[in-house]
Each structure stands twice: as C-alpha cells, then as structure tokens.
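# Architecture and fold: a report
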Number of protein chains: 2
Amino acid sequence: MSRLVMKFGGTSVADLERIRRVGRLVAAEVEAGKKVAVVVSAMAGKTNELVAWTDGAGAAAQGLDPSDDEYDTVVASGEQVTAGLLAMTLRNMGLRARSWMGWQIPIVTDDAHGRARIEDIPPEKLGAALDGGEVAVIAGFQGVTPGGRITTLGRGGSDTTAVAIAAAVKAECCDIYTDVDGVYTTDPRIEAKARRLAKISYEEMLEMASLGAKVLHTRSVEMAMAHNVPVRVLSSFVEPGEAPGQGTIVCDEEEIVEKRIVSGVAYSRDEAKISLFGLPDHPGVSSEIFGRLADANVNVDMIVQSHARTEGAANMEFTVGKRDAARAVDIVRAAQKEIGFQDVAVDEDVAKVSVIGVGMRSHTGVAKTMFKALADKGVNIQVISTSEIKISVLIDAAYTELAVRALHAAYGLDAL
Amino acid sequence: MSRLVMKFGGTSVADLERIRRVGRLVAAEVEAGKKVAVVVSAMAGKTNELVAWTDGAGAAAQGLDPSDDEYDTVVASGEQVTAGLLAMTLRNMGLRARSWMGWQIPIVTDDAHGRARIEDIPPEKLGAALDGGEVAVIAGFQGVTPGGRITTLGRGGSDTTAVAIAAAVKAECCDIYTDVDGVYTTDPRIEAKARRLAKISYEEMLEMASLGAKVLHTRSVEMAMAHNVPVRVLSSFVEPGEAPGQGTIVCDEEEIVEKRIVSGVAYSRDEAKISLFGLPDHPGVSSEIFGRLADANVNVDMIVQSHARTEGAANMEFTVGKRDAARAVDIVRAAQKEIGFQDVAVDEDVAKVSVIGVGMRSHTGVAKTMFKALADKGVNIQVISTSEIKISVLIDAAYTELAVRALHAAYGLDAL
C-alpha cells in the first residue's frame, strides 16, 4: 500500500463542518487503500488572533523581535487545536487516527524562530503508525529545536510541513487541498478562457509562485523539487460524495511528456518603479545604490540602466515591492550625494506581467511573440527582465488585464 | 535565595491587561530576591471554547469518552497560549523568562486522559533555569505520558500543577492567586463579620474545599499535605503598586500555634435528600441500596437510618449531589422489589451546614454548642454527620443564612 500526504489550509478547516468535510476526503483515500498522513493549518482567523495577542504582549510595541521563541509557543497552539479536532472527527467516522505535534514526530528545525528551517524528520515513528493502519494527523507550520523549544516555519509553513513529511515517509504524492481546483494558465478572474493545467514542472511552479500566483508557497515547491516529491493541487471545497477532481500535478520536467513553450501567464500588481535621473556614468554607481538597499533588506526585482542624452549621465530604473517603496526612496535620498543622482521619482501605478514555460529553453522567438502581442494592443513596455524559463515586462497597471488576455491568446493557451 | 511558586487562574489572566498585572506581581517577587516559577491557567473562557469544539467534533455526541487523548491535545493548548504570553510580557518588563509546557519539564502523568495523575516531575531542568535567574512560566493543567502524549489533569488541575511543582523544586511556598484575598471563617456574602484566617491546617482546608468553599481544589490540598508544601491563598486583583496582602497560609497543623476549636463555618446548597420508607428491618438492606448507587458512580454523603413505628420496618435517609438526585431515585425504584421499600421521596430543598476545626479533636461540647445555637433560632436538624474535625447538619435550605450566622457567632468567630 502506498503512502499519501494530504494537506488542508486554514479555510478548509475553518469550522467543525469543514473539518468533517476534510474527514470525508481522508476517509475516501483510506478506503482506496492509502496509508494517509494529513497536515493541517490553524482554523482560519485563529493564527491572526494569536499573533494579535503576542503583539499586545508587547513584542512588536517594545521593538523586540516578534519572532522569538515565545511567539512561536503561542502561535503554534492554533495547529495543535485543529490536529486534535480532526483526529477526533476521524475516530468518530470509525477510522483509527491520532494527532502529532511537531515535537512528537519530531520535526527538527533550526532555532530561527518565526521562520525556522526543517533540518530533519526521523521517519521511524510516523512510518510505524502509518504501517499500523493509523491516520497520522500532523500539526502543520510547527517544529521543535534540538533543545526542545517550539518553532514555527513562517509563511506557507504548512505547505512546507506537508512536502517535508512526504519526503520523509517517501509518500507517492503530496496532495495540497486549497480553495482552487488546480493551477491555471492564468488567473480565471481575468481571463475566462484560462484552463487548468494537468501537469506543471517544479521550476515553472516556482516562477508562478514567486510572481504572484498564490496557490503554493515558494519554499514548499523548492523543497518538493529538492526531494522530487510530486505535489498535487486540489480543491477541498467539494460537496459530500463528490470527488475533488484531478487537480494539477507539480512534478519533474522529465515527467511532462508534452512540453509547452509557455505554460502560463502571471501578473503582479505589488510592484513600484523607482527611477533615478542624472546618474554619473562611471563604475561603482550600481553597487552604491543596490548595496544600500540590500543592507536595509529591500528586495530589488527588475533593473534597467539607460544612457541619458546628456553626455556622461545615465538613468536607472528598478522595481521593489510596493510596501518597500517609500523606504527605498528614503534610503537613496539619504545617500544622494554619495550616489550622485540629480532626481528620483517613484511610480506605484505599474504591474509586472510574465510568461513562463520550460519550453523556452529550446525554442526561439518567444520574446518576439510577447512584444508583438503587447504592441498590437498598444501596451508600452517600461522594463524587461528574463530568466531561462520566464520573460517579465513592467507596464502601466491600467493595461494589466488587457496584457494578460493578449498573451494568453498569443501563446495558444485559450485553445489548450 | 529561596524558590517560590506563584499560580494564577483563568480570571487573573483573562486579557492582556490582567496578564501585565500578573507580570508586575511576579516582578515584585523577583525584586525581593525570589527564584520564581509561575503556573498559569488558560485565559478565562478559552477552555470552554476548546471543550465546545471537542464536543462538536463528536466525542460527546457519539458516546465516545470525551476525555480521550485528542481532547487533551486540544484543551491543553489554552494554557500554552497564556504561558507564552506571560513569558513575553515578563521579558518586556526586563526580566529573563521562558515558558514551559508539561512535556518540556516534563510533568509525567499516567495516561488517564482528562483526569491524569502526576507521577513524576524531574526537578533538574526547571531547577537549573531557576538557579540561572530565569522566571519559569509553566502551563498549568497539563502533563505528558511516558509515551509522549499530552494529558490534562481535570478540575482544579492548575492548582495541582502549582503544588506539584512547588514540591518538586522544594519551594518555600506555593502562592495561589485567586479572586479572593484568602480563606474566610465563612462566606462574607452571608456574614459580613466573616474574618480572613491567617493560617488554616491542610485538614481543615480539605474539609472546607469538599464542603463547597471553592478557593482551592481538594486534589491540590491533598498533594500539599502529602508533600508538606505551605500554600498561600492571595488575591491577584490588586491595583498597580498595591501589595497583594498576607492572604491565608494553608500549612501543617503543627505550625499553627493558637489552635481554634472551630476555624470556619461552611455550607452547601448542592444537596438533595432521598428518603426510603417502609424498609424491611433485616441485614443486607443497606448494601442492597448503596451497592447499586456506588456501581452507578452516585456519590452518597450523609446517611441516617431510623426505625419506623410499624413493627419490623425502618426508614432510611441519605443525601446525594443535586445533579445525581433523579438518577439515584431511578436506581432505587428499579430495584424496589429487591430492596423491599414501600415508598421513596426526594427533597431538593435542603442545605448542609458544617463547622470545621482541628480543635475538636481535643475539646468536648462542640456538637452541643452547635445544636443549641440552631435550636435557639428554631432551625430543625434533619440529618447529622460527623468526622474527627467536622460536624455537618442537613437543614431546610431556607434557613441556610440564619444557621451560618448563628454558628459563626456561637463559636466566637465574629470576634476573631
């Protein structure tokens, strides 16, 4: 019998009725002969309540690191509750089940509280429970240090727990249940012709995740890729008796027979463009600027440098996350003399639109198709950046939907 | 430096403002040179919320034992939250502190989930933390089995945790902070002349606790007596800067120099009297009745048997808790033929009033004083029961306050 990991997020376990629905999905897999480990998040809203209390206890207010060991002790209690409730629910459905906290397995992490990294998951105890026919209900998001303190894994932590457990017990698949039924060629709210992908490669999913498609967190995809764990994205919002559908399988590129040139079109409105004018045109200017931003933990994404008409002067444009924009401007302004620019401007009215596909590696003309499709619709490109399997452009935010639809059609995704 | 255990219940940590107040009380003891371990309950209302969820998850509804291992996993999360929040609060006040869950110390219990008994608390880790100048904030009410499952200790569990910790680390005292400022000679809501006792013996406190004075739970007093841990009852509801007062010290009888004959007057309205009429007057009748009630876990308190005027027939009166009354009547009715009584009646309109004092052991005439005081006020005594340090009478509930006040005066407690 093969082992399966199922993961349910906060909205899927938001109340007792939904927990019972999760119980039925688990029971169906057990009946199908699977040995099941289930990873659960805290009930929707509970983590926020706990975090607010820790803020009130003064961590944030007093300038202490809110992500300390006590923060983790408080916040990890949310997943403990869900795990116990789901185990009870499964027992009441006639299944054998028990809950597992991070410290009971144990899920050993480093001691970077609030954003801990999983270091080891000894598979013996969990494997024995699964082989004994018991459903293992695992509290997601949490681990334990070698010294015995509770840790939490930070954003997307429960996805990471699920993939790590799947790797540890050598599960055939890690099913991530969420509020969508798979990964789409683009956001269906923008393009009704968006199609669910049957399969997508880890690398494509990584680009999708980091570009704003919020289905899976980047860290969990990285871990799945590192351990070659197939991940399936499925919807937990199915009616009783209804199957959750096929979802989308995230897997190694080699296992995708029909490779598409472009698998999806992603977008992000969470960008701000900062422009520096009249920079001195000599070596070291870039390191003056981006060194300071890196020191302040401001993440810079796209960068383009252009020569101004004035002899010996250049302009520089780069993008940062919207929430970092004001801080980034302050940082460069404070160093205006050292950097030597004449003026700075910030534009938050921009969006980044990207096409992603492993097929780009072996095909030419992908960029040309993109630029032509955008030009045909009169969309002006402000900045361009590329990776091996991705081309991103920064455009006026007002054109976001138009650009997404045009690219979806241009790469033949409408007819997929 | 001496070690001190402080314990705060749910109402004392009901919100962040109250947790900060607790923090100030802890800080005052640290400043006074004490090595402090603090035991906390869940925030008021939280345990009920968690228990309601476990009921909803089907444990109660499906006839399963609600006190199973998953119930404990869910419910124990409440104390985890408070312990983390208080540790954060203390750190923000400039103290060194950390939280300890039952499994981290560990507080080893048996596996009677929902009502576990503490079996062992290795003092090494906790003692080292205290000696290192760190306040230990301990989640009350919870423990861990040798197999690593979370347990809870049942009613009064956090008091029991506090006393057990005090015994384990050989604390000079276990301070139980509550919503009253000590143990009184009687309920001040009934008798305004009630006085706070400076000291009371374990045995007297046990009788007080089991007779309805809700200050300390019986189990914690039993444990304090077994390990000879002095327990102090104090109020946590003091204003900033104000000292919590002296409270009442519960200690060994030997340490009480001036022994009173009667230390307190207690009462309970939680009684029901069941009367069986026309019983056959032969051996074995009592065991017929009380054997059946014991088998059904009905706790019988006072018992009196009297001969009826009819030759060879007797009447029997006994008391049970009000919530067991209907069940007790059903049980005896179902066995009417075997027991052989003619009629049964139940009276819920009764109260038990008791006088308690270790001085009774060496003084005579205590009962006489009681009966005369009640007779003088026209209070009819229905049933009497006594122990070495206690005399209880069952009376018409309407006379409860009158009887309490009369006895308080009769034993000189008004003028204490």
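In this text, all values refer to a predicted model and were calculated from it rather than measured experimentally.

### Observations regarding the overall build of chain A
- Along chain A, the regular secondary structure elements total 13 helices and 18 strands.
- The C-alpha atoms of chain A give 24 Å as radius of gyration, which agrees with the globular expectation for 416 residues (22 Å, within 12%).
- Projecting the C-alpha coordinates of chain A onto the three principal axes gives extents of approximately 80 × 55 × 30 Å.
- Residues counted as buried form 49% of the 416 residues belonging to chain A.
- A separation of at least 24 residues holds for 75% of the contacts in chain A among residues at least 6 apart in sequence.

### Structural notes on the nonpolar core
- With 247 residues, the main nonpolar core has Val38(A) and Val38(B) as its most contacted residues.
- Aside from chain neighbours lying at most four places away, what touches Val38(B) is Met6(B), Phe8(B), Val26(B), Leu86(B), Val135(B), Val137(B) and Ile138(B).

### Considerations on the interface of chain A and chain B
- Counting from both sides, the interface comprises 29 residues of chain A and, opposite them, 29 residues of chain B.
- Sorting the residues of the side of chain A that touches chain B by element identifies α1 (16–31), α2 (46–56), α3 (69–75) and α4 (77–92) of chain A as the ones contributing at least two each.
- The class makeup of the residues in the side of chain A that touches chain B is 14 nonpolar, 13 polar and 2 charged.

### A short note on the relation of the copies chain A and chain B
- Of the two same-sequence chains, chain A is brought onto chain B (RMSD 0.1 Å, axial shift 0.0 Å) by a rotation of 180°. What the superposition gives is, in effect, a two-fold axis relating one chain to the other. Residue Ser77(A), judged by its C-alpha, is the member of chain A lying nearest the rotation axis, at 2.7 Å.
- Most of the interface of chain A is mirrored in chain B, where 100% of its interface residues again form contacts.

### A short note on the packing of helix α12 (residues 366–376) of chain A against helix α13 (residues 400–410) of chain A
Residues and elements named next belong to chain A.
- Look at α12 against α13: their axes get within 9 Å of each other, and the N-to-C directions meet at 130°. Between α12 and α13, the angle is such that the two are oblique. Two packed elements cross with a definite hand, and for α12 against α13 that hand is right-handed. On α13, the residues touching Thr369, Met370, Ala373 and Leu374 of α12 are Ala403, Ala406, Leu407 and Ala410.
- The residue makeup of the contact of α12 with α13, split by class, is 7 nonpolar, 1 polar and no charged.

### Digging into the sheet that holds strand β17 (residues 383–387) of chain B
Residues and elements named next belong to chain B.
- Taken in spatial order, the 6 strands of this open sheet run β14-β15-β13-β16-β18-β17, and their pairing is antiparallel. Both edges of this open sheet fall to β14 (300–307) and β17, since each of them pairs with a single strand only. Each strand of the sheet is rotated relative to its neighbour by a mean of 30°, with strand direction disregarded.
- Summarising the sheet, strand β13 (residues 264–280) and strand β16 (residues 343–356) pair through 11 bridges and their orientation is antiparallel. Counterpart to Glu271 in the pairing with β16 is Val350.

### Let's talk about the environment of Ile256(A)
Residues and elements named next belong to chain A.
- If you trace the backbone, Ile256 turns up in the loop between β12 (248–251) and β13 (264–280).
- The sequence separation of Ile256 and Ser201 amounts to 55 residues, and the corresponding C-alpha distance is 7.4 Å.
- Ile256 has contacts with Lys199, Ser201 and Cys251, leaving out every residue within four places of it along the chain.

### Examining the pairing of strand β1 (residues 3–8) of chain A
All names here are of chain A.
- Of all 6 residues in β1, 6 are buried, a share of seventy percent or more.
- Of the two faces of β1, the one lined by Arg3, Val5 and Lys7 and the one lined by Leu4, Met6 and Phe8 are each fully buried.
- Bridge analysis of β1 against strand β2 (residues 35–40) gives 6 bridges, and the strand direction is parallel. Along β2, the bridge assignment pairs Lys7 with Val39.
- Between the parallel elements β1 and β2, the chain passes through α1 in a crossover that is right-handed.
- Inspection of the sheet shows β1 paired to strand β9 (residues 173–178) by 5 bridges, in the parallel sense. Pairing of Val5 across the sheet is with Cys174, part of β9.

### Examining the sheet that holds strand β1 (residues 3–8) of chain B
Residues and elements named next belong to chain B.
- Taken in spatial order, the 8 strands make up an open sheet running β3-β6-β2-β1-β9-β11-β12-β10, and their pairing is mixed. Only two strands of the sheet have a single neighbouring strand rather than two, namely β3 (97–100) and β10 (199–201). Here the average twist between neighbouring strands, direction ignored, is 20°.
- Bridge analysis of strand β11 (residues 231–235) against strand β12 (residues 248–251) gives 3 bridges, and the strand direction is antiparallel. Note on β12: the bridge partner recorded for Arg232 is Ile249.
- Here helix α5 (residues 124–131) sits on the sheet in contact with β1, β2 (35–40), β3 and β6 (135–139), set at roughly 125° to β2.

### Quick look at unusual backbone geometry
- The omega torsion across Ile105(A) and Pro106(A) is -15°, close enough to zero to call that bond cis.
- Along the chain, the position of Pro106(A) falls in the loop between β3 (97–100) and β4 (108–109).
- Notably, Lys170(A) is not glycine yet its phi reads approximately 55°, a positive angle.
- If you trace the backbone, Lys170(A) turns up in the loop between α6 (157–168) and β9.
- The exposed category is assigned to Lys170(A), around which 12 C-beta atoms lie within 10 Å.
- Despite not being glycine, Asn228(B) has its phi angle at roughly 55°, a positive value.
- Along the polypeptide, Asn228(B) turns up in the loop between α8 (218–227) and β11.

### As for the domain arrangement of chain A
Residue and element names in this part refer to chain A.
- Looking at the assigned domains, one finds that chain A contains domain 1 (3–253) and domain 2 (265–410).
- Using only C-alpha atoms to locate each centre, domain 1 and domain 2 end up separated by 34 Å.
- Counting from both sides, the interface comprises 14 residues of domain 1 and, opposite them, 15 residues of domain 2.
- For the side of domain 1 that touches domain 2, the per-class residue count stands at 4 nonpolar, 4 polar and 6 charged.

### Here's the deal with α2(A)
- What α2(A) keeps buried is the set Thr47(A), Leu50(A), Trp53(A) and Thr54(A). Within α2(A), the buried residues cover an arc of 125° as seen down the axis, which keeps them to one side.
- Buried positions along α2(A) lie against α3 and α4 of chain A together with α1 (16–31) and α4 (77–92) of chain B.

### Points about the pairing of β3(A)
All names here are of chain A.
- Neither face of β3 is open: one carries Ala97 and Ser99, the other Arg98 and Trp100, and all of them are buried.
- Of the pairings in the sheet, the one linking β3 to strand β6 (residues 135–139) comprises 4 bridges and is parallel in character. From the neighbouring strand, Ser99 faces β6, where its bridge partner is Val137.

Conventions and cut-offs
Residues numbered from 1 in each chain as written. Chains lettered and ligands numbered in written order. Predicted model: local features only at pLDDT ≥ 70, side-chain atom pairs only at ≥ 80, totals over all residues. Helix = DSSP H or I, 4+ residues; strand = E, 2+ residues; numbered from the N terminus. Rg over C-alpha atoms; globule rule 2.2 N^0.38 Å. Buried ≥ 20, exposed ≤ 12 C-beta atoms within 10 Å, placed from the backbone. Contact = placed C-beta atoms within 7 Å. Core = buried A, V, L, I, M, F, W, Y, C linked by C-beta atoms within 7 Å. Nonpolar A, V, L, I, M, F, W, Y, C, P; charged D, E, K, R; others polar. Least-squares fit on C-alpha atoms with pLDDT ≥ 70 in both. Axes fitted to C-alpha atoms, helices over the stretch in contact; angles between N-to-C directions. Parallel < 35°, antiparallel > 145°, perpendicular 65-115°, else oblique. Left-handed = near helix turned anticlockwise from the far one by under 90°. Pairing = 2+ DSSP bridges. Right-handed = clockwise from strand over helix to strand, strands pointing away. Domains from an automatic or database assignment. Arc of directions from axis to C-beta.

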